[in-house]
Amino acid sequence: QVQLVESGGGLVQPGGSLRLSCAASGFTFSDYGMNWFRQAPGKQRELVATMSSGGSTTYADSVKGRFTISRDNGKNTLYLQMNSLKPEDTAVYYCRRTPRWYDSVVYWGQGTQVTVSS
């Protein structure tokens, strides 16, 4: 079955960096686009970054120039490199397999907490 497992979250000071990982299994990882979302307390889940199966990327304006999404198809792993972190980046970060029109289920990871605080 499809599994997505995030890791790499933690507590970091403003201006610091973290790299999140999302280990995928149960499907042909290289065939799918992948997304990073985040959800802060009391807020809706928002799309942070997307990487297509072909390697093209898009970012939310709030993270453009600071975050980089990447993937290693040999390791079935998605990454999110986060630099110049701000307190407003504090959230639970989730990876998601980009759903196709015929998918009956949308697959998410369990999330990893990122806290940016001094």
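First, a word on scope: everything that follows refers to the structure included in this document. None of the values given here were measured: they were computed from a predicted structure.

Summed over the entire model, instances satisfying the criterion amount to one disulfide. Cys22 shares a disulfide with Cys95; S-S distance 2.0 Å. In this structure, the disulfide formed by Cys22 and Cys95 twists by about 60° around the S-S bond and is classed as right-handed. One end of the pair, Cys22, is in strand 3 (residues 18-25); the other, Cys95, is in strand 9 (residues 91-97), and 73 residues separate them in sequence. Of the two residues examined, Cys22 and Cys95, each falls in the buried class.

A full pass over the atoms with the stated rule returns five salt bridges. Among the salt bridges present, the one from Asp89 reaches Arg38, with a minimum N-O distance of 2.9 Å. With Asp89 in the loop between strand 8 (77-82) and strand 9 and Arg38 in strand 4 (residues 34-39), this pair connects stretches of sequence that are 51 residues apart. For Asp89, a relative accessible area of 1% gives the class buried. Through salt bridges with shared partners, one network takes in Arg38, Glu46, Arg66 and Asp89.

Time to look at the side chain of Arg38. Since its relative accessible area comes to 6%, Arg38 is described here as buried. A distance of 2.6 Å separates the side chain of Arg38 from the side chain of Glu46, its partner in a polar contact.

A separate point is the side chain of Thr50. Along the polypeptide, Thr50 turns up in strand 5 (residues 46-51). Polar side-chain contacts of Thr50 include one of 3.0 Å to the side chain of Asn35. When sequence neighbours within four positions are dropped, the list of residues in contact with Thr50 reads Met34, Asn35, Ser56, Thr57, Thr58 and Ile69.

Let's shift gears to the sheet that holds strand 7 (residues 67-72). The strands that make up a sheet pair up through hydrogen bonds in the backbone, lying either parallel or antiparallel. Spatially, four strands are ordered 1-3-8-7 in an open sheet, and the strand pairing comes out antiparallel. Two strands in the sheet have a free side with no partner beyond their single neighbour: strand 1 (3-7) and strand 7. Ignoring which end each strand starts from, the neighbouring axes of this sheet average 15° apart. Judged from the six bridges that link them, strand 3 and strand 8 form a sheet pairing that is antiparallel.

Right, let's talk about the pairing of strand 7 for a bit. Two faces belong to every sheet, and in a regular strand the side chains alternate between them. Side chains of strand 7 alternate between two faces, with Phe67, Ile69 and Arg71 buried and Thr68, Ser70 and Asp72 left unburied. Pairing of strand 7 with strand 8, which is carried by six bridges, proceeds in the antiparallel orientation. The partner of Phe67 across the bridge, within strand 8, is Met82.

The next thing to look at is unusual backbone geometry. Of note, the phi angle at Asn76 is positive, near 50°, even though the residue is not glycine. Residue placement: Asn76 occurs in the loop between strand 7 and strand 8. For Asn76, a relative accessible area of 28% corresponds to the partly exposed category. Of note in the backbone geometry, Ser84 takes a positive phi value of approximately 50° without being a glycine. Relative to the elements of secondary structure, Ser84 occurs in the loop between strand 8 and strand 9.

What counts and what doesn't
- Residues numbered from 1 in each chain as written.
- Predicted model: local features only at pLDDT ≥ 70, side-chain atom pairs only at ≥ 80, totals over all residues.
- Heavy atoms only, no water.
- Disulfide = S-S within 2.5 Å.
- Helix = DSSP H or I, 4+ residues; strand = E, 2+ residues; numbered from the N terminus.
- Buried < 20%, exposed > 50% of the residue type's maximum accessible area, 1.4 Å probe, protein only.
- Salt bridge = Lys/Arg side-chain N within 4 Å of Asp/Glu carboxyl O.
- Polar contact = N/O pair within 3.5 Å; in protein donor to acceptor, adjacent residues only side chain to side chain.
- Contact = heavy atoms within 4.5 Å.
- Pairing = 2+ DSSP bridges.
- Axes fitted to C-alpha atoms, helices over the stretch in contact; angles between N-to-C directions.

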